[in-house]
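Listed below, chain by chain, are the residues.
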Amino acid sequence: MEVIHKIGRRKTAVARVYVAPGKGNITINKKDITSYFTTATLQYKVKQPLVMTNNDSNFDITVNVFGGGITGQAEAVRLAISRAMCELDAENRSTLKPEGLLTRDPRMVERKKFGQKKARKKFQFSKR
């Protein structure tokens, strides 16, 4: 099997994932997953598609991720890994799809409008 390359996005975060046969090591931006995503919740999000497809110790995963915040990056990595698991085996799609792991979350930050304080917040109105 050759290396599988997939891309995942969330908000402004973009993750490029390279999946190769191995022992289950996950490297993100040349760091271990535990040092890059320090909270257990983010580590769970990244490993979720691997655990659901029973591939958590079969592949070495290398990730390049940039842009956005830490949660957006974790969810971008999760989407990319989910897409890679579907390319490995078409049966994985029926496992991941109902959980929503193959859906790209389209929500983006709304732009700030002129004459306003933020996207929706207005300046305070005073009578004087």
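Since the model is a prediction, treat every value here as computed from it, not as a measurement.

A.B. asks: So what exactly am I meant to see when it comes to the overall build of the protein chain here?
C.D. replies: Counting secondary structure elements, the protein chain contains four helices and five strands. When its helices and strands are written in sequence order, the protein chain yields β-β-β-β-α-α-β-α-α. For 128 residues, the compact-globule estimate of 2.2 N^0.38 gives 14 Å, and the protein chain exceeds it by more than 25% at 18 Å. Projected onto its principal axes, the C-alpha positions of the protein chain cover 70 × 30 × 25 Å. Here the protein chain, with 128 residues, has 36% of them falling under the buried criterion. Roughly 8,300 Å² of accessible area belongs to the protein chain as shown, and the carbon and sulfur atoms make up 51% of that amount.

A.B. asks: So what exactly am I meant to see when it comes to the pairing of strand β2 (residues 13-21) here?
C.D. replies: If a strand is regular, its side chains alternate between the two faces of the sheet. Two elements, strand β1 (residues 4-10) and β2, share seven bridges in a ladder whose sense is antiparallel. If you follow lysine 6 over to β2, its bridge partner there is valine 17. Counted between consecutive antiparallel strands, the loop separating β1 from β2 contains two residues, among which lysine 11 sits at a positive phi close to 55 degrees.

A.B. asks: Please explain the pattern of salt bridges as it appears in this structure.
C.D. replies: Between side chains of opposite charge, a pair can form as their charged atoms come close. Applying the stated rule across the entire model yields seven salt bridges. As a salt-bridge pair, arginine 10 and glutamate 75 come within 2.8 Å of each other at their nearest N and O atoms. Taken together, the residues arginine 10 in strand β1 and glutamate 75 in helix α3 (residues 70-88) connect sequence positions 65 residues apart. For glutamate 75, a relative accessible area of 16% corresponds to the buried category.

Cut-offs used in this document
- Within each chain, residue numbers correspond to sequence positions counted from 1 in written order.
- Side-chain atom pairs in this predicted model are given and counted only at pLDDT of 80 or more, local residue features only at pLDDT of at least 70, and totals for whole chains, interfaces and linings cover all residues.
- Water and hydrogen atoms play no part in the side-chain values, which are based on all heavy atoms of the structure.
- Labels follow the DSSP assignment, with helices taken as runs of H or I lasting at least four residues and strands as runs of E lasting at least two, numbered in each case from the N terminus.
- We take the radius of gyration over the C-alpha atoms and set the globule estimate at 2.2 Å times the residue count to the 0.38 power.
- Partly exposed residues are those whose accessible area sits between 20% and 50% of the maximum for their type, while under 20% is buried and over 50% is exposed, using a 1.4 Å probe and protein chains only.
- Calculation of accessible area relied on Shrake-Rupley with a 1.4 Å probe; when residues are assessed, cover is drawn exclusively from the protein chains displayed.
- A strand pair is defined by DSSP finding two or more bridges across the two strands.
- By definition here, a salt bridge exists when the distance from a side-chain nitrogen of Lys or Arg to a carboxyl oxygen of Asp or Glu is within 4 Å.

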